[in-house]
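Residues per chain, in single letters:
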Amino acid sequence: MTLNAQTYWAEHAWLGGVVEPGVLITTSGSGRVTAVEPGVPGPPVGAVSLRGLTLPGLANAHSHAFHRALRSVAQVGGGTFWTWRTGMYETAALLTPDTYYALARAVYAEMALAGITCVGEFHYVHHGRGGTRYGDPNAMAEALIAAAGAAGIRITLLDTCYLAAGFGERPEGAQLRFSDGTAEAWAERADALRPTVTARLGAAIHSVRAVPADALATVARFATDRGLPLHLHLSEQPRENEDCLRAHGRTPTALLADHGALGPRTTAVHATHLTDADIALLGRSSTATCLCPTTERDLADGIGPAGSLRAAGSPLCLGSDSHAVIDLLAEARGVEHHERLRSRVRGHFTAGQLLRAASEDGHAALGWPEAGRLEPGGLADFTTVALDSVRTAGPPPRLALEAAVFAATAADVRHTVVGGLHIVRDGDHQLVHDVPHALRTAMAALRATR
Ligand SMILES: [Zn+2]
C-alpha cells in the first residue's frame, strides 16, 4: 500500500470525547496524523471534504474471514452452536490459499466499507486437506495478510494454536487442517511469519477445548517473549465449562490463569459464561474482553457480563466474528442493548464508551496502540459516518455521536482513510471496485470446489 500526504476537512469530528465542528486533519507521507485543528468553518483549497461525523478508524478485533461464506446459508435449519459448527467445518474444508485470498480480500473490502481500518484475524486453517503441509507452511496466513493489504486495511494475524478436538480427543475431519501436532511445532511455524507496514502478528489459543492444558504455557510464553497480543476463545458455550470442570476441576478462566495465559496483552473473546471468580480473575489481570454481540446472538451463545467485566477492570473491544453481519456500530450498541435486556435498566454504556471499545481499545488489543484516536502522532486511520441519511438525519449536531452509535449502520459509512490513504471515498472502495461482485465470485469459486 502506498502512503500519501493529504489534508482532510471533517464537517464534524469526535475529538477527545467531544464532537467538534469543522476539523482540519493533516496527515504525513508516513501515514500519521501531523495536526488536528478544530474550528475551521469550511474546507481549505486542496483539502478533501468529509461530510458527516469523522471517527477514529474502527478495529474489528475478532474475525474468521471464511465464516462470511456461511452468511444466510446458516440461517436455514435451526439447531445449536454445535450443529452450526458442522456447517462451518464443511466450508473450512474447501479453502485453498488462492480461494481464501479471494474471499478474504472481498471480506476485508466489505470491512473497509463499514469503517473498519484494522482487523484481528483469528486464523487456524493452516494446512491443506487432511493436514498436508503446503510448500510454504504459512501459505494460508500469507494469503490473509496479502488480502488485507489488497483491501487497504491493517491486519493483526493472530496465528492460532489448535491441537485437539476436545479434552483428551485427537483432531478429526476438518480439524486436521488446523493442527500443527504439538505446541512446539505450532510455535516454529508461527515464528517464521514476518510483519509488514500494515500487518502485525499475534498468537492465539483457540480455546481450552482445542489446546491441551500442558500446551497452554508454550503459547502464552511465545506471545510474552515477543511482546505480541494473545487472544483466545473463552467460555462461549456452557458445554466448554462443563467439560473443562470434568477434565481439570476448574473453569476455563482459572485453567488459563494457572498456565500464565491471562494479562494485559491477552484478549478473551466472548467470555459469555463466567463465574464471579472468573470475572474477578479477568479484571484483576487486566485481560481484555472482546464481545461479538451480533454473533453471540446469532449462534444462541448467551449474553456475556459486559458491565461486570468492565467494572472489574477488563477493557472491552468488539468483533464481528462469524460475519453474520459486518457492522461495528451494531456491535457497539449491541453491548448496551444486551445489558438492557438482562437488567431491564437503560444506560450502562455511553455512546463514547462504546465507540472507544470499537476504536481505541480494539486497536490496543490488536497491538496497534498508536491507532484509535484522532490526535497528532497517531496513525492516520479514520472513518466518516453520514449524518444526512434516513437513519441519522434530524438530531442536533451535539448528538452526532449518539446518532452514529445508536442509529447508523455500516451502510452510512461514507469515507474510510487508512494511513492517510483515502480507501473508501463517498461509499466507493478505491482498490476493490465492485465489492459485491468480489464477494459473489469468491464464494462461487469456493462452492465450485465441492
Ligand atoms: Zn471466533
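As shown above, the structure is provided for reference.
Owing to the predicted nature of the structure, the values given are computational and were not obtained by experimental measurement. Residue positions are counted from 1 within each chain, in the order its sequence is given. Per-residue local features of the predicted model are confined to residues with pLDDT of at least 70, and side-chain atom pairs are confined, for both listing and counting, to 80 or more; whole-chain, interface and lining totals are unaffected and use all residues. To obtain the side-chain values, all non-hydrogen atoms of the structure were used and water was disregarded.

**Q** Would you mind going over the packing of helix α2 (residues 97–113) against helix α15 (residues 435–448) with me for this structure?
**A** If you want to describe how two helices pack, look at the angle between their axes and the distance between the axes. Think of each axis as a best-fit line through the C-alpha atoms, taken over the contacting stretch in the case of a helix, with angles from 0 to 180 degrees between the N-to-C directions. Each helix is a run of H or I in the DSSP string that is no shorter than four residues. Each strand is a run of E no shorter than two, and both are numbered from the N terminus. In contact at an axis separation of 9 Å, α2 and α15 are set at 150° when each is read in the N-to-C sense. By the angle class used here, α2 and α15 are roughly antiparallel. α2 and α15 meet at a crossing whose hand is left-handed. Contacts between α2 and α15 involve Thr99, Ala102, Leu103, Arg105, Ala106, Val107, Ala109, Glu110 and Leu113 on the former and, on the latter, Val435, Ala438, Leu439, Ala442, Met443 and Leu446. By the convention adopted, Pro, Cys, Tyr, Trp, Phe, Met, Ile, Leu, Val and Ala count as nonpolar, Lys, Arg, Asp and Glu as charged, and the other residues, Gly among them, as polar. In terms of residue class, the contact of α2 with α15 is built from 12 nonpolar, one polar and two charged. Angular relationships are summarised with four words: roughly parallel below 35 degrees, roughly antiparallel beyond 145, roughly perpendicular across 65 to 115, and oblique for the angles in between. Two helices that cross are described as forming a left-handed crossing if the nearer one is turned anticlockwise from the farther one by less than a right angle, and a right-handed crossing if clockwise. Whether two residues are in contact is decided by their heavy atoms: any pair within 4.5 Å suffices.

**Q** Any chance you could explain the pattern of salt bridges here in plain terms?
**A** When their charged atoms lie close together, side chains carrying opposite charge are able to pair. Put simply, a salt bridge is a Lys or Arg side-chain nitrogen that is within 4 Å of an Asp or Glu carboxyl oxygen. Summed over all chains, the structure comprises 18 salt bridges. One salt bridge in this structure joins glutamate 110 and arginine 68, with 2.7 Å as the shortest N-O distance. With glutamate 110 in helix α2 and arginine 68 in the loop between β5 (58–63) and α1 (81–92), this residue pair connects regions lying 42 residues apart in the sequence. Like arginine 68, glutamate 110 is buried. A salt bridge links arginine 250 to aspartate 258, with the nearest nitrogen and oxygen atoms 2.5 Å apart. We classify arginine 250 as partly exposed; its relative accessible area is 34%. Via salt bridges that share partners, Arg32, Arg200 and Glu370 belong to a single interconnected network. With a 1.4 Å probe rolled over the protein chains alone, any residue whose accessible area is under 20% of its type maximum counts as buried; one over 50% counts as exposed, and the rest are partly exposed.

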